[in-house]
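Structural characterization, general
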Amino acid sequence: MEECIFCKIASGEIKGLRIYENNETLAFMDIAKDVDGHILVIPKKHYKNILDCDSETLSAVMNTIKRVSNHLTENCGYDGINLLNANDESAGQSVNHFHIHIIPRKSNDGIDAWPKFEGAKEELQTVFDKVKM
Ligand code: 5GP
Ligand code: ZN
């Protein structure tokens, strides 16, 4: 994936503020400067998102998320974390390399990390009948 910015960060071709890495994954600072401590966790191999990511890689990503999250709460003065993740442009994904956002949280920090939904349009039972596996 020559033109993928996160592939370039993973390989070191482009500088990133690398918090933690292992063979399969990398955690680095998001450049958005929208909230303190905004971190991204990615697989080093290119996948678009969770929909095409194999389960072994997904597991490695989640293990790194847990490792970084435990570090944030045990050593860095944070109380909790939010995980945010968009899969596909329809869901708001803007960088097409699988990534999960970590937003570190402190009690009463005033951050509202939950989306403001506008209310369901379909009946609960109708949607249930459609999505049940
Ligand atoms: P998405 O909208 O796809 O869930 O999130 C993409 C994230 O990537 C955004 O939060 C954006 O700030 C971040 N981002 C985009 N380009 C770069 C970059 O070059 N370096 C870093 N560190 N983060 C980036
Ligand atoms: Zn990539």
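Structure report, in brief. What you are looking at is a predicted structure, and each value in this text was computed from that prediction instead of being measured. The residue numbers shown here count from 1 along each chain, following its written sequence. Going through the entries in the order they are written, you letter the chains from A and number the ligands from 1. Residues qualify for local features only when their pLDDT is at least 70, as the model is predicted, and side-chain atom pairs are given and counted only at 80 or more; totals for whole chains, interfaces and linings, by contrast, use all residues. For the side-chain quantities, the full set of heavy atoms in the structure was used; hydrogens and water were omitted.

**Remarks on the coordination of the zinc ion (ligand 2)**
Sodium, potassium and calcium take a 3.2 Å donor cutoff, other metals 2.8 Å, and in both cases only N, O and S atoms count; water is not among them, so sites may look incomplete. Within the first shell, the zinc ion (ligand 2) binds the protein through Cys4 (SG), Cys7 (SG), His46 (ND1) and His97 (ND1), at distances of 2.0 to 2.3 Å. One can describe the site at the zinc ion (ligand 2) as tetrahedral: its four donor atoms subtend angles covering 104 to 118 degrees at the metal. Ordering the donors of the zinc ion (ligand 2) by residue number gives the pattern C-x2-C-x38-H-x50-H. Placement of Cys7 in helix α1 (residues 5-11) and of His97 in the loop between β4 (80-84) and β5 (100-105) is noted, with a sequence separation of 90 residues between them. Residue Cys7 is classed as buried on the basis of its relative accessible area of 15%. Square planar and octahedral assignments, for four and six donors respectively, both demand that opposite donors be over 155 degrees apart and that all other angles lie between 65 and 115; tetrahedral needs four donors with all angles between 85 and 135 degrees, and anything else is irregular. Each helix corresponds to a stretch of at least 4 residues labelled H or I by DSSP, and each strand to a stretch of at least 2 residues labelled E; elements are numbered beginning at the N terminus. Buried residues are those whose accessible area, probed at 1.4 Å on protein chains only, stays under 20% of the maximum for their type, while exposed residues exceed 50% and partly exposed ones sit between those limits.

**As for the site of ligand 1**
Looking at ligand 1, there are 16 residues lining it, with Met29, Asp30, Ser94, His99 and His101 nearest. Any pair of N or O atoms that falls within 3.5 Å is considered a polar contact. Within protein, one atom must be able to donate a hydrogen and the other to accept it, and sequence-neighbouring residues count only if both atoms are side-chain atoms. Asp30 is positioned with one of its side-chain polar atoms (N or O) 2.5 Å from an oxygen atom of ligand 1. For the area figures, the Shrake-Rupley method with a 1.4 Å probe applies, and any residue is considered shielded solely by the protein chains shown. Protein chains bury 79% of the 520 Å² of accessible surface belonging to ligand 1 in isolation. For the shell around ligand 1, the secondary-structure elements that each account for two or more residues are α1 and β2 (25-29). Per element, the largest residue contribution to the shell around ligand 1 is three residues, and it comes from α1. Put simply, Ala, Val, Leu, Ile, Met, Phe, Trp, Tyr, Cys and Pro go in the nonpolar bin, Asp, Glu, Lys and Arg in the charged bin, and everything else, Gly too, in the polar bin. In terms of residue class, the shell around ligand 1 is made up of nine nonpolar, six polar and one charged. Here a residue counts as near a molecule or strand whenever at least one of its heavy atoms sits within 4 Å of it.

**Considerations on the side chain of Asn49**
Looking at the secondary structure, you find Asn49 in the loop between β3 (39-43) and α2 (55-75). The buried category is assigned to Asn49, whose relative accessible area is 3%. A polar contact of 2.8 Å, which involves the side chain of Asn49, links it to the backbone nitrogen of Leu51. Once you skip the residues sitting within four places of it in the chain, Asn49 turns out to touch Asn87, Asp88, Gln93 and Phe98. Contacts are residue-level and defined by heavy atoms, with any inter-residue pair within 4.5 Å sufficient.

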